[in-house]
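Chain by chain, the residues run as shown.
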Amino acid sequence: MSKAVFPGSFDPPTLGHLNIIERASSLFTEIDVVVAVNPEKKYLFTPEERVEMLRELTKIYSNVKIHTWNSLIVDYAKKNGADVLLRGIRNATDFAYEFDLSLINHSLNNKVDTIFIPCEQKYVTIKSSSIKELARFGGDISQMVPELVAREVQKKFKI
Ligand code: ADP
């Protein structure tokens with residue numbers, strides 16, 4: 001049992017993300033969900049909005065905390081005493097990308113290992129970018145995100 005970091009954009013948080021957090025919360029002593037803040041990237045939600053939604057959605061798990069970070073995730077792990085990076089895997093495309101990333105992260109800090117958690121089948125097609133695309137054109141996202149997130153997304157697109 002160790003401390004794990006679950007990094008991502010969470011723009012917005014989805015049922016897929018929450019499923020990984022829920023399952024990880026019983027595997028690790030502590031989980032830091034780390035919201036990426038990258039000035040080069042365009043997000044729908046501000047870091048504060050993403051943190052606020054995640055805090056509300058994960059308040060039932062006493063060992064899950066939400067933070068932001070704007071640099072290398074291995075540096076976050078080192079600074080905060082975490083030895084595991086958690087990643088959710090939806091399919092072979094995710095795996096190919098995440099496997100390479102895990103090698104890079106391990107070469108940057110060999111005290112940190114990446115652990116992959118396979119997605120549950122019903123969440124395989126859930127992706128933050130697709131959710132934004134769907135919502136932009138008035139598509140139904142209610143099966144992909146918690147109600148709270150659906151409301152916030154709809155506000156952004158003034159649906
Ligand atoms: P997205 O790919 O949805 O834009 P993020 O950067 O927010 O994702 O992803 C953070 C982490 O959550 C990554 O490890 C990603 O693989 C994982 N993840 C994203 N969507 C899902 C899902 N539907 N099921 C399981 N894991 C997921």
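Preceding block: the structure.
In every chain, residue numbers begin from 1 and rise along the written sequence. Thresholds applied to this predicted model are a pLDDT of at least 70 for local features of residues and 80 or more for the giving and counting of side-chain atom pairs; totals over whole chains, interfaces and linings are not thresholded and use all residues. Side-chain calculation: all heavy atoms of the structure are included, whereas hydrogens and water are not.

> Would you mind going over the nonpolar core with me for this structure?
Here is a general trend for soluble globular proteins: nonpolar side chains tend to be buried in one another's company. Definition used in this section: a nonpolar core is a set of buried Ala, Val, Leu, Ile, Met, Phe, Trp, Tyr and Cys residues joined via side-chain atoms within 4.5 Å. Three labels apply to residues, based on accessible area from a 1.4 Å probe with only protein chains included: buried if under 20% of the type maximum, exposed if over 50%, partly exposed otherwise in between. I21, I31 and V33 are the most contacted members of the largest nonpolar core, which has 34 residues in total. Counting only elements with at least two residues in this core, the list comes to β1 (3-8), α1 (15-25), β2 (30-36), α2 (47-58), β3 (64-69), β4 (84-89), α5 (128-136) and α6 (147-156). If sequence neighbours within four positions are ignored, I31 has contacts with A4, F6, I21, A24, S25, N63, V64 and K65. Helix and strand labels come from DSSP, where a helix needs a run of H or I of at least four residues and a strand needs a run of E of at least two; each type is numbered from the N terminus. Two residues form a contact once any of their heavy atoms are found within 4.5 Å.

> Any chance you could explain the side chain of R50 here in plain terms?
By the element assignment, R50 lies in helix α2. Every residue in contact with R50, bar those within four places of it in the chain, is listed here: S9, F10, D11, V35, A36, Y43 and F45.

> Sorry, what's going on with the pattern of salt bridges here?
Between side chains of opposite charge, a pair can form when the charged atoms approach closely. We count a salt bridge whenever a side-chain nitrogen from Lys or Arg sits within 4 Å of a carboxyl oxygen from Asp or Glu. For the coordinates displayed, the defined rule picks out 10 salt bridges. One salt bridge connects E98 with R87, and the closest N-O pair in it is separated by 2.7 Å. With E98 in helix α4 (residues 92-108) and R87 in strand β4, this residue pair connects regions lying 11 residues apart in the sequence. We note that E98, like R87, is buried. K155 is paired through a salt bridge with E152; the nearest N and O atoms lie 3.1 Å apart. Of this pair, K155 and E152 both sit in helix α6, separated by three residues, roughly a single helical turn. According to the relative accessible area criterion, E152 is partly exposed, its value standing at 26%. It is possible to trace a salt-bridge network through shared partners that takes in K3, E30 and D32.

> Please clarify how the site of the ligand should be interpreted in this entry.
Note on definitions. A residue lies near a molecule or strand when any single heavy atom of the residue is within 4 Å of it. Taken together, 17 residues lie around the ligand, and F10, G88, R90, Y123 and I126 are the ones closest in. H17 places a side-chain nitrogen or oxygen 3.0 Å from an oxygen atom of the ligand. Between the ligand and R90, the relevant distance is 2.9 Å, taken from an oxygen atom to a side-chain nitrogen or oxygen of the residue. Reported accessibility uses the Shrake-Rupley method at a 1.4 Å probe radius. Residues are deemed covered only where the shown protein chains occlude them. With the chains in place, 90% of the 540 Å² that the ligand exposes on its own is no longer accessible. Contacts described as polar in this section are N or O atom pairs within 3.5 Å, which, within protein, must combine one atom able to donate a hydrogen with one able to accept it, while residues neighboring in sequence count only if both atoms come from side chains.

> Would you explain the environment of A36 in this entry?
With respect to the helices and strands, A36 occurs in strand β2. C-alpha separation for the pair A36 and V5, spaced 31 residues apart in sequence, amounts to 12 Å.

> Looking at this model, I keep getting lost on the environment of D32. Mind explaining?
Relative to the elements of secondary structure, D32 occurs in strand β2. In sequence terms D32 and V5 are 27 residues apart; their C-alpha atoms lie 4.8 Å from each other. If we ignore the near neighbours within four places in the chain, the residues touching D32 are K3, A4, V5, F6, K65, H67, Y76 and N80.

> Could you clarify how one ought to interpret the pairing of β4 in this entry?
Burial runs high along β4: five of the six residues are buried. Between any two strands, at least two bridges found by DSSP are needed for them to pair. With two bridges joining them, β1 and β4 adopt parallel strand pairing. Directly across from A4, in β4, lies its bridge partner V84. Alignment of β4 against strand β5 (residues 113-118), held across six bridges, turns out to be parallel. Pairing of L86 across the sheet is with I115, part of β5.

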